[in-house]
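Residue-level structure breakdown
Below are the chains, spelled out letter by letter.
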Amino acid sequence: MSESRDVVDLIEKDHREIERLFELLRADPGQRDLAVTEVTALLVAHSRAEEAEVYPVARDEAGETDEVAHSQEEHAEAEAILERLAAMDAHDPRYESVLRELVDSVGHHVEEEESTVLPGMRQRLSDERRAELGEAFLAARAEHLGDRPGEATRADLAQQARNLGVERTSGMTKDELRDEVTPD
């Protein structure tokens, strides 16, 4: 059987891999450095791919406007936590609480996305459209592997702002866009 190219299945597969890495972080502290590196790479690439390819379609074609804006906010929150974690030494006494904050934040996001945005897409988009979107998601995710938290391009930030419902992003500077998408 060939692997599904349905974007909903692909996103859920990434979610399961992120959950597996979080479990590894909890269960095997000796693997922490590797697991944090892997989860950071996957989370950033996954988020950028969703923001660029999936969220605009979920909003415009599946009618998930509020849900997409909320998901975008949660991505920004998780990325801010990832930035804090990346700047810390693993032996810092606060490291454990920041890691727990990341696990809780991403877990909440996954749960909400899988109960709102993804079912809406499965219901309102054809199998063919979800397969097209799956291909675009995989290509964008591959393109963004290796991106670091907090290092979004101007184009990435403009798309994030549009996902939040910000109009006329073309005249905004990178700093203005960052201010729009960064959680308070």
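Please read all numbers here as calculations on a predicted model, not as lab measurements.

Some words on the side chain of Glu74
Tracing the sequence through the fold places Glu74 in helix H3 (residues 65-86). No salt bridge is formed by the buried Glu74; its nearest oppositely charged neighbour, Arg16, is found at 13 Å. Among the polar contacts made by the side chain of Glu74, one reaches the side chain of His109 at a distance of 2.7 Å. Sequence-distant contacts of Glu74, defined by excluding residues within four places in its chain, comprise His108, His109 and Glu112.

What about the nonpolar core?
Counting 22 residues, the largest nonpolar core has Ile18, Phe22, Leu43, Leu85, Leu102 and Val106 as its most contacted members. The set of elements that each furnish at least two residues to this core consists of helix H1 (7-27), helix H2 (32-60), H3 and helix H4 (95-115). For this core, the element with the most residues is H4, which contributes 7 residues. Once you skip the residues sitting within four places of it in the chain, Leu43 turns out to touch Ile18, Phe22, Leu82, Leu102 and Val106. Counting residues in hydrophobic clusters, the runner-up holds 19 residues, among them Val7, Ala58, Leu133 and Ala140.

Examining the packing of helix H7 (residues 154-163) against helix H8 (residues 174-181)
Interhelical geometry of H7 versus H8 gives an angle of 40° and a closest axis separation of 9 Å. When the axis of H7 is compared with that of H8, the two are oblique. Remark: the crossing between H7 and H8 carries left-handed chirality. Residues Arg154, Leu157, Ala158, Gln160 and Ala161 of H7 form the contact with H8, whose own contacting residues are Lys174, Leu177, Arg178 and Val181. Here the contact of H7 with H8 is composed, by residue class, of 5 nonpolar, 1 polar and 3 charged.

Re the layout of surface pockets
Estimates place the volume of the largest pocket at around 220 Å³. Ranked by residue count, the leading element in the lining of the largest pocket is H3, at 6 residues. As a volume, the second largest pocket reaches approximately 170 Å³. Lining of the second largest pocket is provided by Arg32, Asp33, Val36, Thr37, Thr40, Leu82, Leu85, Ala86, Met88, Tyr95 and Arg148. Listing elements by their share of the lining of the second largest pocket, those giving two or more residues are H2 and H3. Ranked by the residues each element gives to the lining of the second largest pocket, the list is headed by H2, at 5 residues. When grouped by side-chain class, the residues that make up the lining of the second largest pocket number 6 nonpolar, 2 polar and 3 charged.

So, the side chain of His109
With respect to the element layout, His109 can be found in helix H4. If we ignore the near neighbours within four places in the chain, the residues touching His109 are Glu50, Tyr55, Ser71, Glu74 and His75.

Examining empty space enclosed by the protein
Take a probe with the size of a water molecule and roll it over the atoms, and the empty space left behind shows itself. Scanning the model with the defined rule gives 3 cavities of 30 Å³ or more in all. One number sums up the size of the largest cavity: a volume of about 90 Å³. Lining of the largest cavity is provided by His15, Ile18, Leu43, His46, Ser47, Glu74, His75, Ala78, Ser105, Val106, His109 and Val110. If you list the elements that add at least two residues to the lining of the largest cavity, you get H1, H2, H3 and H4. If one sorts the elements of the lining of the largest cavity by residue count, H4 sits on top with 4 residues. Among the residues forming the lining of the largest cavity, the class breakdown is 5 nonpolar, 6 polar and 1 charged.

Parameters and conventions
Residue positions are counted from 1 within each chain, in the order its sequence is given. The predicted origin of the model limits local features to residues at a pLDDT of at least 70 and limits the giving and counting of side-chain atom pairs to 80 or more, whereas totals for whole chains, interfaces and linings rest on all residues. By convention in this description, side-chain values take in all heavy atoms of the structure and omit both hydrogens and water. Secondary structure elements are taken from DSSP: a helix is a run of H or I of four residues or more, a strand is a run of E of two residues or more, and numbering for both begins at the N terminus. Each residue is assigned to one of three classes by its accessible area relative to the maximum for its type, calculated with a 1.4 Å probe on protein chains only: buried under 20%, partly exposed between the two thresholds, exposed over 50%. Positive charge is attributed to Lys and Arg, negative charge to Asp and Glu, and no charge count is given to His or to the chain ends. We define a salt bridge as a contact between a side-chain nitrogen of Lys or Arg and a carboxyl oxygen of Asp or Glu at a distance within 4 Å. Polar contacts here mean pairs of N or O atoms no more than 3.5 Å apart (in protein, one a potential hydrogen donor and the other a potential acceptor; neighbouring residues in sequence count only if both atoms are side-chain atoms). Throughout, a contact is declared for two residues whenever any of their heavy atoms are within 4.5 Å. Definition used in this section: a nonpolar core is a set of buried Ala, Val, Leu, Ile, Met, Phe, Trp, Tyr and Cys residues joined via side-chain atoms within 4.5 Å. To get an axis, fit a line to the C-alpha atoms, keeping to the stretch in contact for a helix; angles then go from 0 to 180 degrees between the N-to-C directions. Any angle between 65 and 115 degrees counts as roughly perpendicular, while under 35 counts as roughly parallel, over 145 as roughly antiparallel, and the rest as oblique. Here is the rule for handedness: rotate from the far helix to the near one, and if that takes an anticlockwise turn smaller than a right angle the crossing is left-handed, while a clockwise turn gives right-handed. We call Asp, Glu, Lys and Arg charged. Ala, Val, Leu, Ile, Met, Phe, Trp, Tyr, Cys and Pro are nonpolar, and the rest, Gly among them, are polar. Grid points spaced at 1 Å over the protein atoms alone were grouped into cavities, where a 1.4 Å probe fits but cannot get out, and pockets, open sets with protein on both sides within 12 Å along at least five of seven lines, with lining residues defined by an atom within 4 Å of a point. Grid points are joined across faces, edges and corners, and a volume is the space filled by probe spheres set on the points.

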